[in-house]
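Okay, here's what each chain looks like letter by letter:
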Amino acid sequence: MMTKLLDQAFDAARALPPAEQDDIARVLLRLAGDGGQEVALSPEERAAIDRSKAAAARGAFATDAQVANLWKKHGL
């Protein structure tokens, strides 16, 4: 038996496009301890992670002002 809140979440998820439903399902399976397979990354995603790790190793982080401007730009 599901809780009312979980049932509401499933109802909301049903209204989403299939790809977004699959994303939610993967997260739910991970949280429930049945994540199954690892997420496959594209070569571009792996390259982006490598660039991020290299930047972090160099200490190349965004300034507080840059982060604040980004938040402001996106209304956060």
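Concerning helix α2 (residues 18-31)
- End to end, α2 covers 20 Å across 14 residues, agreeing with the expected 20 Å (1.5 Å per residue, within 8%).
- At the C-terminal side of α2, Gly 33 shows a positive phi close to 85°.

A look at the pattern of salt bridges
- Summed over all chains, the structure comprises 2 salt bridges.
- Taking the shortest distance from any N to any O, the salt bridge between Arg 14 and Asp 11 comes out at 2.7 Å. Of this pair, Arg 14 and Asp 11 both sit in helix α1 (residues 4-14), 3 residues apart, roughly one helical turn.
- Since its relative accessible area comes to 44%, Asp 11 is described here as partly exposed.
- Across the pair Asp 23 and Arg 26 runs a salt bridge, and its minimum N-O distance is 3.3 Å. Of this pair, Asp 23 and Arg 26 both sit in helix α2, 3 residues apart, which is roughly one turn of that helix.
- Looking at Asp 23, the relative accessible area reads 44%, which means it is partly exposed.

The rules behind the values
- Residues numbered from 1 in each chain as written.
- Predicted model: local features only at pLDDT ≥ 70, side-chain atom pairs only at ≥ 80, totals over all residues.
- Heavy atoms only, no water.
- Helix = DSSP H or I, 4+ residues; strand = E, 2+ residues; numbered from the N terminus.
- Expected span 1.5 Å × (residues − 1).
- Salt bridge = Lys/Arg side-chain N within 4 Å of Asp/Glu carboxyl O.
- Buried < 20%, exposed > 50% of the residue type's maximum accessible area, 1.4 Å probe, protein only.

The quantities given are spatial measurements derived from coordinates; they are silent on function.
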